[in-house]
Amino acid sequence: MKIGIVTGIPGVGKTTVLSKVSEILKENKVRFKIMNYGDYMLNSALQGQYVSNRDEMRKLPLSTQRELQLIAAKKIVEESITLGEEGIAFVDTHAIIKTPSGYLPGLPKHIVEILSPRVIFLLESDPQNIINRQSKDRERIRSDYNDINVISETMDFARYAAVASAVLVGASVKVVNNREGDPSIAAKEIISSMS
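Residues numbered from 1 in each chain as written. Predicted model: local features only at pLDDT ≥ 70, side-chain atom pairs only at ≥ 80, totals over all residues. Heavy atoms only, no water.

Engineer: So what exactly am I meant to see when it comes to the overall build of the chain here?
Structural biologist: Of regular secondary structure, the chain possesses seven helices and seven strands. Counting from the amino terminus, the chain carries its helices and strands in the arrangement β-α-β-α-α-β-β-β-α-β-α-α-β-α. Computed over its C-alpha atoms, the radius of gyration of the chain comes to 16 Å, within 12% of the 16 Å expected for a compact globule of 195 residues. With respect to the three principal axes, the spread of C-alpha positions in the chain is 40 × 35 × 30 Å. Residue burial in the chain is summarised as follows: out of 195 residues, 49% are buried. Sequence separation of at least 24 residues holds for 76% of the intrachain contacts in the chain that already meet a minimum separation of 6. (Helix = DSSP H or I, 4+ residues; strand = E, 2+ residues; numbered from the N terminus. Rg over C-alpha atoms; globule rule 2.2 N^0.38 Å. Buried < 20%, exposed > 50% of the residue type's maximum accessible area, 1.4 Å probe, protein only. Contact = heavy atoms within 4.5 Å.)

Right, dumping it as structure tokens:
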């Protein structure tokens, strides 16, 4: 099984692009699974009564976030193995998480070695487009990412973090531009890079 990690800052459109990836792979009858890392972390955080919603996880103590990351990585690999040799698993996550204590790597050594991805994708978009997308998403609380300078800085840190993680496992890093209005272009680029 091949694992691709699709990263991007909140509001860049990972969920939308990965929905297109799903449509394309279903049409082509490819065995795949798309797993949201945050869902796995959130389930554990809710069970442990650490948070009441997803966006509170960024504000947890770093030690708790690291523990939740580890639990999530192990569960994701367990589920990916069920796809068999030709299957493709995509993990929707962040290369970097902005926390009150500073930037936390989303794929630190102990996590990226468990996941052992083939490719780490950096889904990016114009910072103003990201702000516009965030303003339309009323289900999420992203006030810590609502400034163009913060978004640009976070994208820079995400690139550094992705390359550092890739070095540890011999993965490639691919920057994919999520063009406004047509997420299928990014989706096709992600799929072709996993072939």
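Engineer: What am I meant to see in the pairing of strand S4 (residues 96–99) here?
Structural biologist: Bridge analysis of S4 against strand S5 (residues 102–105) gives four bridges, and the strand direction is antiparallel. Paired with Ile96 across the two strands is Pro105, which belongs to S5. Between the antiparallel neighbours S4 and S5 lie two residues. (Pairing = 2+ DSSP bridges.)

Engineer: Looking at this structure, I do not really get the nonpolar core. What am I missing?
Structural biologist: Within the largest apolar cluster, 32 residues are counted, with the highest numbers of intra-cluster contacts made by Tyr37, Met57, Ile76, Leu107, Leu115 and Ile120. Only strand S1 (2–7), helix H2 (37–47), helix H3 (62–81), strand S3 (88–93), helix H4 (109–115), strand S6 (119–124) and helix H6 (148–169) provide two or more residues apiece to this core. Aside from chain neighbours lying at most four places away, what touches Ile76 is Met35, Tyr37, Tyr40, Val91 and Leu115. (Core = buried A, V, L, I, M, F, W, Y, C linked by side-chain atoms within 4.5 Å.)

Engineer: Would you mind going over the packing of helix H1 (residues 14–27) against helix H7 (residues 183–193) with me for this structure?
Structural biologist: Orientation of H1 relative to H7, taken along the N-to-C sense of each, is 65 degrees, at an axis distance of 8 Å. Handedness of the H1/H7 crossing: right-handed. Facing Thr16, Val17, Lys20, Val21, Ile24 and Leu25 of H1, the residues of H7 in contact are Pro183, Ser184, Ala186, Ala187, Lys188, Ile190 and Ile191. Among the residues making up the contact of H1 with H7, the classes are represented as nine nonpolar, two polar and two charged. (Axes fitted to C-alpha atoms, helices over the stretch in contact; angles between N-to-C directions. Left-handed = near helix turned anticlockwise from the far one by under 90°. Nonpolar A, V, L, I, M, F, W, Y, C, P; charged D, E, K, R; others polar.)

Engineer: Where do I start with the environment of Arg66 in this structure?
Structural biologist: Mapped onto the elements, Arg66 comes out in helix H3. Along the backbone, Arg66 and Met41 are 25 residues apart, and their C-alpha atoms lie at a distance of 9.9 Å. When residues no more than four places from it in sequence are discounted, the contact partners of Arg66 are Leu104 and His110.

Engineer: I keep staring at the pattern of salt bridges and nothing clicks. Help me out?
Structural biologist: Where charged atoms from two side chains of opposite charge approach closely, those side chains can pair. Enumeration over the complete set of coordinates arrives at seven salt bridges. A salt bridge links Asp92 to Lys14, with the nearest nitrogen and oxygen atoms 3.7 Å apart. Of this pair, Asp92 sits in strand S3 while Lys14 sits in helix H1; the two residues are 78 residues apart in sequence, bridging distant segments of the chain. We note that Asp92, like Lys14, is buried. Arg159 is paired through a salt bridge with Glu124; the nearest N and O atoms lie 2.8 Å apart. With Arg159 in helix H6 and Glu124 in strand S6, this residue pair connects regions lying 35 residues apart in the sequence. A relative accessible area of 37% places Arg159 in the partly exposed class. (Salt bridge = Lys/Arg side-chain N within 4 Å of Asp/Glu carboxyl O.)

Engineer: In this structure, what is going on with the packing of aromatic side chains? I would like to understand it.
Structural biologist: The relation between two aromatic rings is expressed through the spacing of the ring centres and the mutual angle of the planes. Within this structure, the stated rule accounts for two aromatic pairs. With 4.4 Å between their ring centres and 20 degrees between their planes, Tyr103 and Phe157 make a pair best called stacked. One end of the pair, Tyr103, is in strand S5; the other, Phe157, is in helix H6, with 54 residues separating them in the sequence. When the ring of Phe157 is compared with that of Tyr160, the centres are 5.9 Å apart and the planes differ by 70 degrees; the resulting orientation is edge-to-face. (Phe/Tyr/Trp six-rings, centres within 6.5 Å; stacked < 30°, edge-to-face > 60°.)

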